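Residue strings, one per chain:
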Amino acid sequence: QPGSRQWSIASLLRSKLSNTCGICSKDLVSDRKLECTVCGFYLCSACDRKGLFRGYYSLGSIAAPTARQLLQEPSWIAYKAQRYLAAAGKPGGPLSLDVWQGKLAVRLYGDLGQDLPCKEELVRQFRQHSDTGDGSTSLNLTEDQFRALLSEMLAAHSFMYHL
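Residues numbered from 1 in each chain as written. Predicted model: local features only at pLDDT ≥ 70, side-chain atom pairs only at ≥ 80, totals over all residues. Heavy atoms only, no water.

Visitor: Help me understand the confidence of the model for the protein in this model?
Guide: Detailed reading of the predicted model is not advised wherever pLDDT is low. In the predicted model, the protein carries a mean pLDDT of 80, and the fraction of residues at 70 or more is 80%. Here residues 1–17 scores under 50 on pLDDT; set against residues more than four positions off or in separate chains, the count is 39 contacts. (pLDDT = per-residue confidence, 0-100. Contact = heavy atoms within 4.5 Å.)

Structure (structure tokens):
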């Protein structure tokens, strides 16, 4: 059995905790699934194949064409956000500024083939996405806020290399 932080293919019946694919929302009562019990994300076999062939699973290099494809499929951005959070030791969030600066931003910028910006720019990015809706900012990013940050970075990466 894989470790608690690893993804595994299971042919077992879907657990009661989640019975739908996180990408297409298909009922997974008897379908093979890819699951991460740490972040609670599940995939049906069809979406698993799609992700495999399009290169969506990797937390390594993200080419500009892959970034463009991901932007067309928000469910896959949610998947990637959850994977990045889990890899940073924060499955499901919240993501603190310290973890963003010291771990996750380093990995994400590297995966996008970009130089890590200065500390002030990382703080600006973080604060821009940590708005609580009442004009103040939080010291943490929720999973949804991190997903928005990731989407913005993928869009910029796609645009920069599309020129």
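After that view, the rundown keeps rolling.
Visitor: Can you walk me through helix 5 (residues 119–129) in this structure?
Guide: A turn of α-helix holds 3.6 residues, and therefore any two residues three or four places apart point the same way. Restricting attention to buried positions, one finds in helix 5 the residues Leu122, Val123, Gln125, Phe126 and His129. Within helix 5, the buried residues cover an arc of 160° as seen down the axis, which keeps them to one side. Packed against the buried residues of helix 5 are strand 4 (95–96), helix 4 (97–111), strand 5 (140–141) and helix 6 (143–160). (Buried < 20%, exposed > 50% of the residue type's maximum accessible area, 1.4 Å probe, protein only. Helix = DSSP H or I, 4+ residues; strand = E, 2+ residues; numbered from the N terminus. Arc of directions from axis to C-beta.)

Visitor: In this structure, what is going on with the packing of helix 5 against helix 6? I would like to understand it.
Guide: Packed helices, taken two at a time, are described by their axes: the angle between them and the distance between them. Contact geometry of helix 5 with helix 6 gives a least axis separation of 9 Å together with a crossing angle of 125°. By the criterion of interaxial angle, the relationship of helix 5 to helix 6 is oblique. Crossing handedness for the pair helix 5 and helix 6: right-handed. Each of Gln125, Gln128 and His129 in helix 5 lies in contact with helix 6, whose residues at this interface are Gln145, Ala148, Leu149, Glu152 and Met153. Tallied by class, the residues present in the contact of helix 5 with helix 6 amount to three nonpolar, four polar and one charged. (Axes fitted to C-alpha atoms, helices over the stretch in contact; angles between N-to-C directions. Parallel < 35°, antiparallel > 145°, perpendicular 65-115°, else oblique. Left-handed = near helix turned anticlockwise from the far one by under 90°. Nonpolar A, V, L, I, M, F, W, Y, C, P; charged D, E, K, R; others polar.)

Visitor: Can you help me understand the packing of aromatic side chains in this one?
Guide: Centre distance and the angle of the planes are the two values used to describe a pair of aromatic rings. On inspection of all chains with the given rule, the structure shows two aromatic pairs. Seen in terms of ring centroids, Trp76 and Tyr79 are 5.3 Å apart; in terms of plane orientation they differ by 80°. Their pairing is edge-to-face. Here the residue Trp76 and the residue Tyr79 both occupy positions in helix 3 (residues 74–87), the gap between them amounting to three residues, near one helical turn. Here the two residues Trp76 and Tyr79 agree in accessibility, since each one is buried. Plain terms: the ring middles of Trp100 and Phe146 are 6.5 Å apart, the flat faces sit at 65° to each other, and that makes the pair edge-to-face. Taken as a pair, Trp100 in helix 4 and Phe146 in helix 6 lie far apart in primary sequence, 46 residues in all. (Phe/Tyr/Trp six-rings, centres within 6.5 Å; stacked < 30°, edge-to-face > 60°.)

Visitor: Where do I start with the pattern of salt bridges in this structure?
Guide: Opposite charge on two side chains lets them pair, provided their charged atoms get close. The full count for this structure, using the stated rule, is four salt bridges. Here Lys50 and Glu73 are joined by a salt bridge, their closest N and O atoms 2.7 Å apart. In this pair, Lys50 sits in helix 1 (residues 45–54) while Glu73 sits in the loop between helix 2 (64–71) and helix 3, placing the two residues 23 residues apart along the sequence. Between Glu143 and Arg147 there is a salt bridge; the shortest N-O distance is 3.9 Å. In this pair, Glu143 and Arg147 are both assigned in helix 6, four residues apart and thus about one turn of the helix distant. Relative accessible area serves as the criterion here: at 25%, Arg147 is assigned to the partly exposed category. (Salt bridge = Lys/Arg side-chain N within 4 Å of Asp/Glu carboxyl O.)

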